Amino acid sequence: MFAIVEIAGLQYKVEQDQKLFVNRLKGDKGGKVSFDKILLTVNGAITVGAPAVSGITVEAEILDHVKADKVIIFKKKRRKGYEVKNGHRQSLTQIQITGITGFEAKKAEKPAKKTTKKADAESAE
């Protein structure tokens, strides 16, 4: 069972007990967060949202707030004496997926049986 979730503008494939780094989220270390913008779920059958699957949520726990490795940006123009060196460290949040919930409610809600005009005409007679 897995789901494709949009977290902070990026899409991630998540499963139960998976740890991943996402862009910095609000919340304290040890706090709980939930994501409801689920784009696709696979639980025996594939459910694709248009644009999101309703009734499914992904629960996660914030493990830590960290910074990524430094990225060096170096600019140079030949023969002009122009050199600029900058660096950047992205702020990240490490989360652990604790559960994907809402599948039970989907099973309980079975869609009504569709009828056709021909079936309605036969039942009226």
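Preceding block: the structure.
Description of the structure in this document. (Residues numbered from 1 in each chain as written. Predicted model: local features only at pLDDT ≥ 70, side-chain atom pairs only at ≥ 80, totals over all residues. Heavy atoms only, no water.)

**Some details on the overall build of the protein chain**
Argument step 1. A tally of regular secondary structure across the protein chain gives two helices and 10 strands.
Argument step 2. For the protein chain, buried positions account for 25% of its 125 residues.
Argument step 3. Looking at the protein chain alone, contacts between residues at least 24 apart form 64% of all its contacts between residues at least 6 apart.
Argument step 4. Roughly 9,300 Å² of accessible area belongs to the protein chain as shown, and the carbon and sulfur atoms make up 50% of that amount. (Helix = DSSP H or I, 4+ residues; strand = E, 2+ residues; numbered from the N terminus. Buried < 20%, exposed > 50% of the residue type's maximum accessible area, 1.4 Å probe, protein only. Contact = heavy atoms within 4.5 Å. Areas by Shrake-Rupley, 256 points an atom, 1.4 Å probe, with all protein chains shown as cover.)

**A closer look at the packing of aromatic side chains**
Argument step 1. Overall, the coordinates contain zero aromatic pairs when judged by the stated rule.
Argument step 2. Geometry around Tyr 82 places Lys 77 over its ring, the cationic atom sitting 5.4 Å from the centre. (Phe/Tyr/Trp six-rings, centres within 6.5 Å; stacked < 30°, edge-to-face > 60°. Lys NZ or Arg CZ within 6 Å of the ring centre and 35° of its normal.)

**Examining unusual backbone geometry**
Argument step 1. Ala 50 connects to Pro 51 through a cis peptide bond whose omega is 0°.
Argument step 2. Position of Pro 51 relative to the elements: it lies in strand E6 (residues 45–53).
Argument step 3. Non-glycine residue Ala 8 carries a positive phi angle of around 55°.
Argument step 4. Since its relative accessible area comes to 46%, Ala 8 is described here as partly exposed.
Argument step 5. A positive phi is found at Asp 17, a non-glycine position, where the angle reads about 65°.
Argument step 6. Here Asp 17 lies in the loop between strand E2 (10–15) and strand E3 (19–23).

**Side note on the sheet that holds E2**
Argument step 1. Across the sheet, four strands lie side by side as E2-E1-E5-E6; this open sheet has antiparallel pairing. A single partner strand is all that each edge strand has here, and the edge strands are E2 and E6. Here the strands of the sheet are splayed against their neighbours by 20° on average, with no regard to which way each runs.
Argument step 2. Bridge count between strand E5 (residues 38–43) and E6: five bridges; the pairing is antiparallel. Paired with Thr 41 across the bridge in E6 is Thr 47. (Pairing = 2+ DSSP bridges. Axes fitted to C-alpha atoms, helices over the stretch in contact; angles between N-to-C directions.)

**So, the environment of Lys 32**
Argument step 1. Summarising the element assignment, Lys 32 is placed in strand E4 (residues 32–35).
Argument step 2. Taking the C-alpha atoms as reference, Lys 32 lies 4.6 Å from Glu 61; in sequence the two are 29 residues apart.
Argument step 3. Setting aside chain neighbours within four positions, we find Lys 32 in contact with Ala 60 and Glu 61.

**Thoughts on the nonpolar core**
Here is a general trend for soluble globular proteins: nonpolar side chains tend to be buried in one another's company.
Argument step 1. Ranked by size, the top nonpolar core spans 20 residues in total, and within it Val 5, Ile 7, Val 14, Phe 35, Val 58 and Ile 95 carry the most contacts.
Argument step 2. The set of elements that each furnish at least two residues to this core consists of strand E1 (2–7), E2, E3, E4, strand E7 (57–67) and strand E10 (91–101).
Argument step 3. Dropping the residues within four chain positions of it, Ile 7 is found in contact with Tyr 12, Val 22, Leu 25, Phe 35 and Ile 95. (Core = buried A, V, L, I, M, F, W, Y, C linked by side-chain atoms within 4.5 Å.)

**Topic: a positive patch on the surface**
Argument step 1. Taken together, the side chains of Arg 24, Lys 67, Lys 70, Lys 85 and Arg 89 present a region of like positive charge at the surface.
Argument step 2. With respect to the helices and strands, the residue Arg 89 is situated in the loop between strand E9 (82–88) and E10.
Argument step 3. Residue class for Arg 89 comes out partly exposed when judged on its relative accessible area of 41%. (Patch = residues over 30% accessible without salt bridge, like charges linked within 9 Å, V, L, I, M, F, W, Y side chains within 5 Å. Salt bridge = Lys/Arg side-chain N within 4 Å of Asp/Glu carboxyl O. Lys, Arg positive; Asp, Glu negative; His and termini not counted. Charge placed at Lys NZ, Arg CZ, Asp CG, Glu CD.)

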